[in-house]
Each structure stands twice: as structure tokens, then as C-alpha cells.
Amino acid sequence: NPDLDFPRAGLAENFIDWKGNLAAAEEIVHQAKSYDYLQLSFNIIVYIDILNRNYDKAIKDMNSSHHEFEVGQFRFTPRTQVLGLIYKFKNDPAKSKLYLDSSKIQLEKMIKDNPQDERLHSSLGKTYAALGNYDKAVSEGKKGIELLPLEKEAYRGYYRLWDLAEIYTLLG
């Protein structure tokens, strides 16, 4: 049903990725009745804020969430990672490092308990990349792909490749 929030968030992402139309994406997201459905509608708002370089609003939106993680079959992202990245983009290295170090500790502990979860490895790779640790970042990104390659499952495996591309982008 296109009136549900989840499809609206996907449509908003399409407007961003396909046409680069942030205004249309914002309009679609703000028509949603709830910003919490699978946490996707909420995160698309933060994504739009970041792309608009409205970092203070992105931080406010992140801090208004009661969720500590974005969790789904494609991603596992600690809120601390997103906040660390926002502060990095905002050029506030002290706060960025504080949040990213917290993300690193959370993810390393979770990987000890769930070593076969490809989402955790990819997410840790992004955290390492934001912290500037090239070798660990690439290693974790590749580990995510190794655990769920495209040949095994193209639908979800694609996200591991996307994450590795984000890792390389963060590393420059």
C-alpha cells in the first residue's frame, strides 16, 4: 500500500538517489503519519538533513529518537555511529570521536556474541573508516561481504557491497 510509511520512505530515497531531488523527498516523508515505522522514515529525515548540510537539525532529530540502533534485515547501525558521522561532517572532531569510539565498543562486543552477523561487520567497518583506520575498516567491510556474498543472496548481499563502497568513500 503506497500510503504506508515504509513505501513512502523508499519513494523518498528514490527521489534522492535517482533525481537528487531533496525537496520532493522531504515532501513525501512529511506526508507520513508516523516517523517510526521500522525506523526507516525517521532515518530518511536525518539523511535528508545531512544532505542539506543541516547538521544541527540532524543531531536534534537523532536525539529525539528513543532507538539506540537502526535494525533490519539490511542494516544494523548504532545511533552513536550516525551521530559520530554527523559531527565529523560538522567538523567537530572531539564529539565525532566520542560517538564513534562508543559505536566501535558496542559493535565489537556484539560481534563477539554474533560473529556470523554480516551487518555488524559492515557497520563496524564504517565506524573504523570514520575513525580513519583504513586496514580494519576495509577488513570488516570485506568480512561482511564474505559472510553474505551476492552469489549467496543477491537481495541482501547487495547491501554489503554498498557498505564497502561507503567505507571506501569515508576513507577518501
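For the structure, see preceding data.
Residues numbered from 1 in each chain as written. Predicted model: local features only at pLDDT ≥ 70, side-chain atom pairs only at ≥ 80, totals over all residues. Heavy atoms only, no water.

Caption draft 1: Representation of the packing of aromatic side chains within the structure. With the rule as written, the count across this model stands at seven aromatic pairs. Ring centres of Phe 74 and Tyr 155 lie 5.2 Å apart, and the angle between their planes is 80°; on these two criteria the pair is classed as edge-to-face. Of this pair, Phe 74 sits in the loop between β1 (69-71) and β2 (76-78) while Tyr 155 sits in helix α9 (residues 154-171), and the two are 81 residues apart along the sequence. Exposure remark for Tyr 155: the relative accessible area of 55% places this residue in the exposed category. Taken together, the aromatic side chains of Phe 74, Tyr 155, Tyr 158, Tyr 159 and Trp 162 make up a single cluster linked through ring pairs. Just above the ring of Trp 18 sits the side chain of Lys 19; from NZ or CZ to the centre is 4.3 Å. (Phe/Tyr/Trp six-rings, centres within 6.5 Å; stacked < 30°, edge-to-face > 60°. Helix = DSSP H or I, 4+ residues; strand = E, 2+ residues; numbered from the N terminus. Buried < 20%, exposed > 50% of the residue type's maximum accessible area, 1.4 Å probe, protein only. Lys NZ or Arg CZ within 6 Å of the ring centre and 35° of its normal.)

Caption draft 2: Here's a closer look at unusual backbone geometry. Here the phi dihedral of Arg 53 falls at roughly 60°; this positive angle occurs in a residue that is not glycine. Within the secondary structure layout, Arg 53 lies in the loop between α3 (40-51) and α4 (55-63). The exposed category is assigned to Arg 53, whose relative accessible area is 64%. Notably, Asn 91 is not glycine yet its phi reads approximately 65°, a positive angle. Tracing the backbone through its elements, the reader meets Asn 91 in the loop between α5 (79-89) and α6 (93-113).

Caption draft 3: Quick look at the pattern of salt bridges. In the structure shown here, the tally under the stated rule is 14 salt bridges. Each member of the salt-bridge network shares a partner with another, and the members are Arg 75, Lys 126, Arg 160, Asp 163 and Glu 166. (Salt bridge = Lys/Arg side-chain N within 4 Å of Asp/Glu carboxyl O.)

Caption draft 4: Here's a closer look at the side chain of Asp 117. Structurally, Asp 117 can be placed in the loop between α6 and α7 (118-131). Among the polar contacts listed, one links the side chain of Asp 117 to the side chain of Arg 119, at a separation of 2.6 Å. (Polar contact = N/O pair within 3.5 Å; in protein donor to acceptor, adjacent residues only side chain to side chain.)

Caption draft 5: Up close: the environment of Ala 94. Along the chain, Ala 94 turns up in helix α6. With a relative accessible area of 59%, Ala 94 lands in the exposed category. Residues Ala 94 and Asn 21, 73 residues apart in the sequence, show an inter-C-alpha distance of 32 Å.

Caption draft 6: Region of the structure containing the side chain of Lys 126. Looking at the secondary structure, you find Lys 126 in helix α7. For Lys 126, a relative accessible area of 7% puts it in the buried group. Reaching out from Lys 126, the side chain makes a polar contact with the side chain of Glu 166 at a distance of 3.0 Å. Excluding residues that lie within four positions of it along the chain, Lys 126 makes contacts with Arg 75, Gln 81, Asp 163, Glu 166, Ile 167 and Leu 170. (Contact = heavy atoms within 4.5 Å.)

Caption draft 7: Just the packing of α5 against α7, in detail. At a minimum axis separation of 11 Å, α5 and α7 run at an interaxial angle of 25°. Accordingly, the angle class assigned to the pair α5 and α7 is roughly parallel. Here the hand of the crossing between α5 and α7 comes out left-handed. Across the interface between the two elements, Gln 81, Leu 85 and Lys 88 from α5 touch Ser 123, Lys 126, Thr 127 and Ala 130 from α7. When grouped by side-chain class, the residues that make up the contact of α5 with α7 number two nonpolar, three polar and two charged. (Axes fitted to C-alpha atoms, helices over the stretch in contact; angles between N-to-C directions. Parallel < 35°, antiparallel > 145°, perpendicular 65-115°, else oblique. Left-handed = near helix turned anticlockwise from the far one by under 90°. Nonpolar A, V, L, I, M, F, W, Y, C, P; charged D, E, K, R; others polar.)

Caption draft 8: How the structure looks around α9. Taking 1.5 Å per residue as the helical rise, α9 with its 18 residues ought to reach 26 Å, and the 26 Å between its terminal C-alpha atoms agrees with that figure. For α9, the set of buried residues is Gly 157, Arg 160, Asp 163, Leu 164 and Ile 167. Buried residues along α9 cover an arc of 100° about the axis, so they all sit on one side. Exposed residues on α9 whose side chains face more than 90 degrees from its buried face are Ala 154, Tyr 155 and Thr 169. If you follow the buried residues of α9, they end up packed against α7 and α8 (134-147). Gly 172, located one to two residues past α9, shows a positive phi value of around 85°. (Expected span 1.5 Å × (residues − 1). Arc of directions from axis to C-beta.)

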